[in-house]
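This is what each chain is made of:
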Amino acid sequence: MSTFSAQDFNAQRYFSVRPTYPDSFYNVLNAYHKGPQELVVDVGCGPGTATFQLSEQLDSFQRVIGTDLSPTMIESARSFQKQDPQKYSRISFEQSPAESFEFLKTCSNKQKCDMVTAVECVHWFNFAKFQESVANTLRPGGTLAIWGYGDFFFPDYPLLTAEIDKLSYADDKLGPYWQQPGRRIACEMLKELHFDSKWFQDVEEVYFYEDDLKDKNPGDIPLFMYQKLTLAQLKEYIKSWSGHHSWKKDNPNAEKDITDAFVERAIELYPQLNEKSELQITWRTFWMFARRRH
Ligand SMILES: C[S@@+](CC[C@H](N)C(=O)[O-])C[C@H]1O[C@@H](n2cnc3c(N)ncnc32)[C@H](O)[C@@H]1O
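Residues numbered from 1 in each chain as written. Predicted model: local features only at pLDDT ≥ 70, side-chain atom pairs only at ≥ 80, totals over all residues. Heavy atoms only, no water.

Looking only at helices and strands, the chain features 12 helices and 8 strands. Whereas a compact globule of 294 residues would reach a radius of gyration of roughly 19 Å, the chain reaches 19 Å, a difference of no more than 12%. Each principal axis of the C-alpha distribution contributes one length, and for the chain these read about 60 × 45 × 35 Å. In the chain, which comprises 294 residues, the share counted as buried stands at 55%. Relative to all contacts within the chain whose residues are 6 or more apart in sequence, the contacts with residues 24 or more apart total 81%. Accessible surface, the chain: about 13,500 Å² in total, of which carbon and sulfur atoms supply 47%. Across the chain, the 33 positively charged side chains and the 41 negatively charged ones have centroids separated by 4 Å. (Helix = DSSP H or I, 4+ residues; strand = E, 2+ residues; numbered from the N terminus. Rg over C-alpha atoms; globule rule 2.2 N^0.38 Å. Buried < 20%, exposed > 50% of the residue type's maximum accessible area, 1.4 Å probe, protein only. Contact = heavy atoms within 4.5 Å. Areas by Shrake-Rupley, 256 points an atom, 1.4 Å probe, with all protein chains shown as cover. Lys, Arg positive; Asp, Glu negative; His and termini not counted. Charge placed at Lys NZ, Arg CZ, Asp CG, Glu CD.)

Below, the structure written as structure tokens:
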């Protein structure tokens, strides 16, 4: 996925505005995992969003390795790690495609992995190759955990949900600027991808959509992801999208950033709002767990 590797892609901005995953979700992952906890590899780790969380939340794991295709992302992850080397001493980062675990041969970790995680990135992978590679790397009974999020919605401002969908997918907005089929697979939350039963068993697949809030409390949804953002912060978040990055390249002299137009429309629809108004955005989320067959 080339945008994330582009030298002018702002990995720091990406890290500062990207959503993280709630502790309640890591409890579910911990409960699913069985057996030794020596090594977890977090592929497609980006700037280390889940990698740093894994080292804190799955603290009985001895080593956590984050890998990503993009040198920019790996550099950003390493520079964050340097801010507290002691706290993150069990973590290391490697530049590597998710479909390969060759780097394990050169590391001190020659043992097979106990867990592989792939968070909000599988939509870019060659999934068949990735599964085969994971199957060759995980110990029998080890866990493959995939999770992530689709698009977000505004629970308190439903008209904005339609507007953000328009901004994301309309032909005259960001629609043509996504790399496909990755974006479509991501927004469908990998519904078309399935674990191969030749290698994996005990499959668990869980999805959360806005309709689930009709009969469930957020506290009962382990992967409930939300953020309170001002409209100004929401603009920054949208600017971290690869689609926005490509739009900007194509429209260097646009009179108005596409995110400014979105905020103007939001204020038109809800005149009580201004750039400093705080709104809750909530993501549709999913997880897929499986165990390596013996
Ligand atoms: C949306 S980011 C997710 C980062 C992080 N896992 C998170 O949860 O925020 C997707 C990441 O996948 C990486 N990526 C895309 N294709 C990849 C591949 N084939 N192998 C390894 N990394 C890949 C990108 O460079 C990017 O850092």
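A word on the environment of Ser277. Along the polypeptide, Ser277 turns up in the loop between helix H12 (258-269) and strand S8 (278-292). The exposure class of Ser277 is buried, given its relative accessible area of 13%. A sequence separation of 45 residues divides Ser277 from Ala232, and the C-alpha atoms of the two residues are 8.4 Å apart. Look past the residues within four positions of Ser277 in its chain and what remains in contact with it is Leu229, Thr230, Leu231 and Gln272. Only 2.7 Å separates the side chain of Ser277 from the backbone nitrogen of Asn274, close enough to count as a polar contact. (Polar contact = N/O pair within 3.5 Å; in protein donor to acceptor, adjacent residues only side chain to side chain.)

Their axes nearest at 11 Å, the elements helix H3 (residues 23-32) and helix H4 (residues 49-57) cross at an angle of 65 degrees. Crossing angle aside, the handedness with which H3 passes H4 is right-handed. Here Asp23, Tyr26, Leu29 and Asn30 of H3 come into contact with H4, specifically with Ala50, Gln53, Leu54 and Gln57. Its residues assigned to classes, the contact of H3 with H4 comprises 4 nonpolar, 3 polar and 1 charged. (Axes fitted to C-alpha atoms, helices over the stretch in contact; angles between N-to-C directions. Left-handed = near helix turned anticlockwise from the far one by under 90°. Nonpolar A, V, L, I, M, F, W, Y, C, P; charged D, E, K, R; others polar.)

Another point: the pattern of salt bridges. According to the stated counting rule, one finds 17 salt bridges in the structure shown. Two residues, Glu163 and Lys166, come together in a salt bridge whose shortest N-O distance is 3.2 Å. Taken together, the residues Glu163 and Lys166, both in helix H8 (residues 158-169) and 3 residues apart, mark about one turn of the helix. A salt bridge links Asp172 to Lys173, with the nearest nitrogen and oxygen atoms 4.0 Å apart. Lys173 gets classed as partly exposed once you look at its relative accessible area, which sits at 27%. Overlapping salt bridges bring together Glu163, Lys166, Arg265 and Glu268 as one network. (Salt bridge = Lys/Arg side-chain N within 4 Å of Asp/Glu carboxyl O.)

Next up on the list: empty space enclosed by the protein. Summed over all chains, the structure comprises 1 cavity of 30 Å³ or more. Its boundaries defined by the atoms lining it, the largest cavity holds a volume of some 50 Å³. Residue lining of the largest cavity: Ala118, Glu120, Cys121, Val122, His123, Ile146, Trp147, Tyr149, Ala186, Met189, Leu190 and Phe286, and that is the complete set. Looking at the lining of the largest cavity, the element that brings in the most residues is strand S5 (residues 138-153), giving 3 residues. Of the residues contributing to the lining of the largest cavity, the split by class is 10 nonpolar, 1 polar and 1 charged. (1 Å grid on protein atoms, 1.4 Å probe; cavity = no way out; pocket = protein on both sides within 12 Å on 5 of 7 lines; lining within 4 Å. Points joined across faces, edges and corners; volume = space filled by probe spheres on them.)

With that out of the way, let us pick up unusual backbone geometry. Residues Gln180 and Pro181 are joined by a peptide bond in cis, for which omega reads 5 degrees. Inspection of the secondary structure assignment puts Pro181 in the loop between H8 and helix H9 (182-187). Here Asp202, not a glycine, exhibits a phi torsion of approximately 50 degrees, which is positive. Within the secondary structure, Asp202 is located in strand S6 (residues 200-208).

Okay, the nonpolar core next. Residues Tyr21, Leu29, Trp147, Phe152, Phe154, Leu234 and Tyr237 are the most contacted members of the largest nonpolar core, which totals 52 residues. The leading source of residues in this core is S8, at 5 residues. Dropping the residues within four chain positions of it, Leu234 is found in contact with Phe152, Phe154, Leu229, Phe262 and Ile281. Core analysis: the second largest hydrophobic core is formed by 32 residues, Phe101, Phe103, Leu144 and Ala290 among them. (Core = buried A, V, L, I, M, F, W, Y, C linked by side-chain atoms within 4.5 Å.)

To continue, consider the pairing of S8. Here S8 lies mainly inside the structure; 14 of its 15 residues are buried. With 9 bridges joining them, S5 and S8 adopt antiparallel strand pairing. Paired with Tyr149 across the two strands is Thr285, which belongs to S8. Relative to S8, S6 runs antiparallel, the two being bridged by 7 bridges. Across the sheet, residue Glu205 finds its bridge partner in S8, namely Met288. Relative to S8, strand S7 (residues 226-230) runs antiparallel, the two sharing 5 bridges. (Pairing = 2+ DSSP bridges.)

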